[in-house]
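This is what each chain is made of:
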Amino acid sequence: MAPFDAVVFCLSQPNLNARREEALARLIAQACALPSAVVRLEGTGPGIGPVLSALADKGHRRILVQPLGLPFSPGLAAWLPGVLAHWSAQRNDPDTALFLGNETIADAGISAIVDAAVLGRDVIAIAYRKPSLGKPGWNAPPAFTHHILVCTGPRCQFHGAPNLKLALDAALNEAGVKKNCLIATTGCLYPCNQGPLLALYPRGEWFRLPDPAAVQRFVKTVIVEGGEVPDLVAHRVVSPS
């Protein structure tokens, strides 16, 4: 009997686009003989907590969490054991056990990558490419009055950052102010334990927006009306005197 009945693969790839992420998920699903899921720890995909809960709700009782990266972030490797124990404590289900795999599993693929490179597989000749540094429109920033930095680091992601990004987009569109906002997803902004968080400039304020109602208040009061929501402010930058 296999020691586990499901596997969650945790990717450490902060700059992975959605198309490549979906392709990796398909490859992993094809290669894994057990029911599996993929969690991207930096980004806007499903968080590790909801994924673990969904597997446990389906009856999986011995779940392996396998870090996967080239290399995997040392900081995330140190963080994962504690956050998995946190999920287990909140779940409070003695029948469900979690296990954490060795984060060096992807090292076995390095030799294949090097061999493919040396042998010239799947290469393109740059001599036939048109020189370019990007679209002409990228020479200047777009017109906006609010710069919103949405944290999608692993700790805020655990607290629901993917839902924050989606809810924020919807609320800004509904209020008709999306064109006034430049939204950027970022890595860790601190303070992680108060996530999910966003930072708003030029106001210089961090906001904790834990649910759709908070997002709606933030958009209506802060973005549209220019007002204050003190109970949602997690941090305020103090200008030097």
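Calculation rules
Residues numbered from 1 in each chain as written. Predicted model: local features only at pLDDT ≥ 70, side-chain atom pairs only at ≥ 80, totals over all residues. Heavy atoms only, no water. Buried < 20%, exposed > 50% of the residue type's maximum accessible area, 1.4 Å probe, protein only. Helix = DSSP H or I, 4+ residues; strand = E, 2+ residues; numbered from the N terminus. Pairing = 2+ DSSP bridges. Core = buried A, V, L, I, M, F, W, Y, C linked by side-chain atoms within 4.5 Å. Contact = heavy atoms within 4.5 Å. Axes fitted to C-alpha atoms, helices over the stretch in contact; angles between N-to-C directions. Salt bridge = Lys/Arg side-chain N within 4 Å of Asp/Glu carboxyl O.

Trainee: Any details on the pairing of strand β5 (residues 146-151)? Residues and values, ideally.
Mentor: With five of six residues buried, β5 lies mostly within the body of the structure. Alignment of β5 against strand β6 (residues 181-186), held across six bridges, turns out to be parallel. Within β6, the residue paired with His146 across the bridge is Cys181.

Trainee: Give me the nonpolar core: which residues, what numbers.
Mentor: Ranked by size, the top nonpolar core spans 22 residues in total, and within it Val8, Leu41, Ile48, Leu52, Leu80 and Leu84 carry the most contacts. Elements supplying a minimum of two residues to this core: β1 (6-11), β2 (36-40), α2 (48-57), β3 (62-68) and α3 (74-91). For this core, the element with the most residues is α3, which contributes six residues. With sequence-adjacent residues up to four places away left out, Leu84 is seen in contact with Ile48, Leu52, Val65, Leu98 and Leu100. Leu172, Val177, Leu198 and Val215 belong to the second largest nonpolar core, which has 21 residues in total.

Trainee: So what about the sheet that holds β3? Which residues, and what values?
Mentor: Taken in spatial order, the four strands line up as β2-β1-β3-β4 in an open sheet, and their pairing is parallel. Single-partner strands in this sheet number two, and they are β2 and β4 (97-100). Averaged over all adjacent pairs, the angle separating strand axes in this sheet is 20 degrees, with direction ignored. Sheet topology note: the β1/β2 ladder contains five bridges and is parallel. Note that in β2 the partner of Phe9 across the bridge is Val38.

Trainee: Can you explain the pattern of salt bridges? Please cite residues and give values.
Mentor: Counted by the stated rule, this structure contains ten salt bridges. Taking the shortest distance from any N to any O, the salt bridge between Arg91 and Asp57 comes out at 2.7 Å. Here Arg91 is found in helix α3, whereas its partner Asp57 is found in helix α2, with 34 residues between them in sequence. Relative accessible area serves as the criterion here: at 26%, Arg91 is assigned to the partly exposed category. For Glu228, the salt bridge is made with Arg203, and the minimal N-O distance between the two is 3.3 Å. Here the residue Glu228 occupies a position in the loop between α7 (212-224) and β9 (233-236), and Arg203 occupies one in the loop between β7 (197-201) and β8 (205-208), the gap between them amounting to 25 residues. Residue Glu228 is classed as partly exposed on the basis of its relative accessible area of 49%. Overlapping salt bridges bring together Arg203, Glu205, Glu228 and Arg236 as one network.

By themselves, these are just geometric observations and shouldn't be taken as functional.
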